[in-house]
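Take a look at the letters that make up each chain.
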Amino acid sequence: MQPTGRKRLISSCIPCYTRKQKCNREYPCSHCARRRRPEECAYYPSPASSHSANSPESRKEDIRSDNENVMSRRSSGSAPDWNSYPGCTAKTSLVDLFGYLEDSDSNTLALVRKLGLDEEDNRHVNGLPLPPDAADEVQRNIERMPDRQILDFLIRYFVSEVNWMDQAVHLPWFLSQYQRWWTIGRPTRVSDVDFAVLILRICSYACLFLPSPSYTLDRIRGVLLADIRSTCDDVGDSLSGICSRLDARGSLLRVLHLSFYGLKTRCEGRINDFWEALGRAIRVAQSAGLHSGSATSRHGLDELDKEMRRRAFCNLYVWDSLLSRQLDRIPFLPGGLSPANWPQMRLISAVGDETEAEAVEGFTERILQARLSEFWSSTNPPAGIEYDMTVAEARYEKFCSEFLATLPSAFALQPNTTWDKRLHKLPLQRQLLHIAIFDSLCWNFRPMLLRGPNDIQSLPAYKRVLLSTQKKALAVAALRVLDNVTTLHAMLGGCHTRFPGLVFSTFEAAVLLAYLCMDPRFPGDGNDCPISAAVKTKTDPLRAGMASLTRAICIQGVHDALNRLRMLAEVSHTAEGGANTITRLLEYLNKVEVDQEAVEIANIQQAYNSPVSQVSEVTNWLYLEPTDPNSLNEFLSTTTSQDLHSNWDTLITDFGH
């Protein structure tokens, strides 16, 4: 006997009903879109509506209704609902709901997948497709991009004159991708749009370094550089927003164009924006699995693509370490680089008698910068710990023996220039590394300047001597920073440039020197730190410079730094702010010196007016600590209590004969 009850209506689509998955009853539903099978999303017809739904009149009405909805969206100016298209799935997966790293091999999602209870999302392997409405908006923005000839010129200029500074992209890899992008015609995937944003960000960044000695005009093909940069920024912002809405996870390309956006803001003097952009780039890098070795193996990337991911993450670590130290903030990557994150490929062969280990390439400087950051992050004390001069001295000795002694010969403080003819930007990169080395030594010793005078007086005698020596070491390190900046600026033609490496290093070194010279007794007589003849610059780069350190050299270094900042202030707001601050410091320093000279003149006059028998005591008083009032009072009381020489008149008569 057949059952007479009413049959339960099936509202799920056929694939979800078969797989026993919860369907959201849209077309295509979230599961079919996630499986990239929207054509399979079909529903069981209901008995009452099966005939009407299949009628020609019904189909025409549905089409008419859909067209009216699309037209109403466009006329109202509202953003298209791209979540209904394949690739823009509803957030129902474990990755979206729990925030798991999809490519991890150790989190809870990996355990679930090991049991076969969750489907792997391979949408990012070949790139997400663009929904139709999104593709139209993308195309409208791409048509607003500057002409191909202008973009080609800026890319060539970036390759030859700009990329050496940060090595943010590997040029052969990028140029091959650039040529391929122009052949695709209309972008069809989110990755194509991300690469368009990367092109625009690079061109906008390159515009900041024009005009230059190699290109002195303020326009390209008749278009002002400011207009080109504005167009690149506007179109890049629009396309970047589309990419973020379509693919929240991101990819290597997004990490790169976020990095270039951050570098641009740094050149413009917007350091807080650089910090924000860097944080976004690091979050995208982690979401895309750039920090995970399992992610690269899971997606079947070739070795060059894997190396590009490692190099991008290495650069993020270098910028994060430097900026967090300058801004005194907690780094985004406090744990440093894991072995899987370090660049592993050597993309150039050895030359001459050098071994492969000694061979250098364009990215070698960035690897050494990462090693430099890793050394100091592993040896610096936690924040809030009081400065200990013996610990700082031990760190310096360890730095000399473990870092400086292991530098490749091409980057040593006394370098081997064999590679300079093969890598034309190597001398510039070597100066960058040397600036970073001496700047890091400044950071090792500079906390002692924050100690109060009472703390210093309470130290044992040997620690006061060590502290005096370290002040001289700090001054030598700051002078070496300025010397290397001067050399680098001369290599760049001594031109007006927004290159932040010149501005920041000049300003911070000049502030240190001016602060040290606020002490009228600095740098002393040099007897507290005898220099051994066996000292070598390679093993101890600061000790050798202490013997010739004078106050005049330090003050001259501050004035030279001010002149450079005033020159760069014509194109850099950061340099202008630094120049204003150094000017005020020098005014304060001049006031300190004038006051000190007045005190010395008064002391000398008092010495001449004192009895002959008191000359030795006057001389001793001139060298008393200015903060020792007891000694001063004792001297004054002794002087006033004693009479003049009893035979003073006789002495004058004898002297006259």
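Residues numbered from 1 in each chain as written. Predicted model: local features only at pLDDT ≥ 70, side-chain atom pairs only at ≥ 80, totals over all residues. Heavy atoms only, no water.

Overview of the overall build of the chain
As a reminder, the rule being used: Under the scheme used here, helices are H or I runs from DSSP no shorter than 4 residues and strands are E runs no shorter than 2 residues, and both carry numbers assigned from the N terminus. Buried, partly exposed and exposed residues are distinguished by accessible area as a fraction of the type maximum, computed with a 1.4 Å probe on protein chains only: under 20%, between the cut-offs, and over 50%, respectively. Contacts are assigned to residue pairs with any non-hydrogen atoms lying within 4.5 Å of each other. Note on areas: Shrake-Rupley, 1.4 Å probe, and residue coverage restricted to the protein chains presented here.
Helices and strands together make up the secondary structure of the chain, namely 28 helices and two strands. By residue count, 45% of the 657 residues in the chain fall in the buried class. Of the contacts formed within the chain by residues at least 6 apart in sequence, a portion of 73% connects residues at least 24 apart. Of the roughly 34,200 Å² that the chain leaves accessible, carbon and sulfur atoms contribute 53%.

Focus on the confidence of the model for the chain
Short version of the rule: What pLDDT expresses is the predictor's confidence in each residue, scored from 0 to 100.
Considering every residue of the chain, the mean pLDDT works out to 81; 75% of them sit at 70 or more. pLDDT under 50 marks residues 46-79. Its contacts with residues more than four places away, or in other chains, come to twelve contacts. With pLDDT under 50 throughout, residues 531-535 is counted as low confidence; its partners more than four residues away or in other chains account for six contacts.

A closer look at the packing of aromatic side chains
Under the convention used in this document: Note on aromatic contacts: the rings of Phe and Tyr and the six-membered ring of Trp form a pair at centre separations within 6.5 Å, being stacked when their planes are under 30 degrees apart, edge-to-face when over 60 apart, and tilted otherwise.
Enumeration over the complete set of coordinates arrives at 15 aromatic pairs. Arranged with centres 4.8 Å apart and planes meeting at 55 degrees, the rings of Phe153 and Tyr215 form a pair that is tilted. Taken together, the residues span a long stretch of sequence, with Phe153 in helix α9 (residues 148-162) and Tyr215 in the loop between α11 (190-207) and β1 (219-220) at a distance of 62 residues. Across this residue pair, the class does not change: Phe153 and Tyr215 are buried.

Structural notes on helix α19 (residues 426-445)
We count it as follows: To estimate the expected span of a helix, subtract one from its residue number and multiply by 1.5 Å.
Taking 1.5 Å per residue as the helical rise, α19 with its 20 residues ought to reach 28 Å, and the 29 Å between its terminal C-alpha atoms agrees with that figure. Among the 20 residues of α19, 19 are classified as buried, and the element is accordingly described as predominantly covered.

Notes on the pattern of salt bridges
For side chains of opposite charge, pairing can occur when their charged atoms come near one another. Note the cut-off: Within this document, salt bridges are pairs made up of a side-chain nitrogen of Lys or Arg and a carboxyl oxygen of Asp or Glu, the two lying within 4 Å of each other.
A full pass over the atoms with the stated rule returns 25 salt bridges. A salt bridge links Arg311 to Glu307; the shortest N-O distance between them is 3.1 Å. With Arg311 and Glu307 both in helix α16 (residues 303-327) and four residues apart, the pair spans about one turn of that helix. Glu307 shares its class with Arg311; the two are buried. For Asp540, the salt bridge is made with Arg543, and the minimal N-O distance between the two is 3.8 Å. If you follow the salt bridges from partner to partner, you end up with Asp233, Lys264, Glu268, Arg270 and Asp273 in one network.

Let's talk about helix α24 (residues 551-568)
In this model, α24 (18 residues) spans 26 Å end to end at C-alpha, consistent with the 26 Å of a helix rising 1.5 Å per residue. Residues Arg551, Cys554, Ile555, Gly557, Val558, Ala561, Leu562, Arg564, Leu565 and Leu568 constitute the buried set of α24. Tucked inside the fold, the buried residues of α24 contact α21 (461-491), α22 (500-517) and α25 (573-608).

Description of the nonpolar core
In plain terms, the rule: For the purposes of this section, nonpolar cores are sets of buried Ala, Val, Leu, Ile, Met, Phe, Trp, Tyr and Cys residues that join through side-chain atoms within 4.5 Å.
With 159 residues, the main nonpolar core has Tyr205 and Leu239 as its most contacted residues. Among residues more than four places away in sequence, those in contact with Leu239 are Val138, Asn141, Ile142, Val193, Ala196, Val197 and Leu200. By size, the runner-up hydrophobic cluster in this structure holds six residues, among which are Cys13, Cys23, Cys29 and Cys41.

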